[in-house]
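Fold and contact review
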Amino acid sequence: MLNVDVNETDDELQIVAELHGLTANDIDVSVESGVLTIIAERQVNDGRGAERTIRVLSSMLLPRSVDAHEINAYFEDGVVTVTFPKHR
């Protein structure tokens, strides 16, 4: 489970997820049928020479008040921020 904060103003909806220790290449952000999905995945060594995959997933239904086609996402310092404008 990701640590996710949701912030809303009159103009936009912002979702902020903490993903410390990951890079932008480890993260996938997508919207399909009004559902925002954030997937964080990376390979780690188990200390015995074997690799395993760690995968974290978070999904949320977006409110109808936002334009889900106008997604703006960026990753900086271990935090992914996803912003949607609200319909006018």
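Details of the structure are given in the entry above.
A few points on the structure. (Residues numbered from 1 in each chain as written. Predicted model: local features only at pLDDT ≥ 70, side-chain atom pairs only at ≥ 80, totals over all residues. Heavy atoms only, no water.)

So, the sheet that holds strand E7 (residues 79-85)
Spatial strand order, E1-E2-E7-E6: four strands in an open sheet with antiparallel pairing. A strand with exactly one partner marks an edge of an open sheet, and here the two such strands are strand E1 (3-8) and strand E6 (72-76). Within the sheet, the average angular offset between the axes of one strand and its neighbour, ignoring direction, is 15°. (Pairing = 2+ DSSP bridges. Helix = DSSP H or I, 4+ residues; strand = E, 2+ residues; numbered from the N terminus. Axes fitted to C-alpha atoms, helices over the stretch in contact; angles between N-to-C directions.)

Examining the pattern of salt bridges
With the rule as written, the count across this model stands at two salt bridges. For Lys86, the salt bridge is made with Glu8, and the minimal N-O distance between the two is 2.5 Å. Remark: Glu8 occurs in strand E1 and Lys86 occurs in the segment after E7; sequence separation between them is 78 residues. One salt bridge in this structure joins Glu41 and Arg55, with 3.4 Å as the shortest N-O distance. Here Glu41, found in strand E4 (residues 35-45), pairs with Arg55, found in strand E5 (residues 51-61); they are 14 residues apart in sequence, far enough to count as distant. (Salt bridge = Lys/Arg side-chain N within 4 Å of Asp/Glu carboxyl O.)

Comments concerning the sheet that holds strand E3 (residues 27-32)
In space, the three strands of this open sheet follow the order E3-E4-E5, with antiparallel pairing throughout. Edge positions in the sheet fall to E3 and E5, since each has one partner strand and no second. Strand-to-strand twist of the sheet, defined as the mean angle between neighbouring strand axes without regard to direction, takes the value 15°. As paired strands, E3 and E4 are joined by six bridges and run antiparallel to one another. The residue bridging Glu32 from the neighbouring strand is Val35, located in E4.

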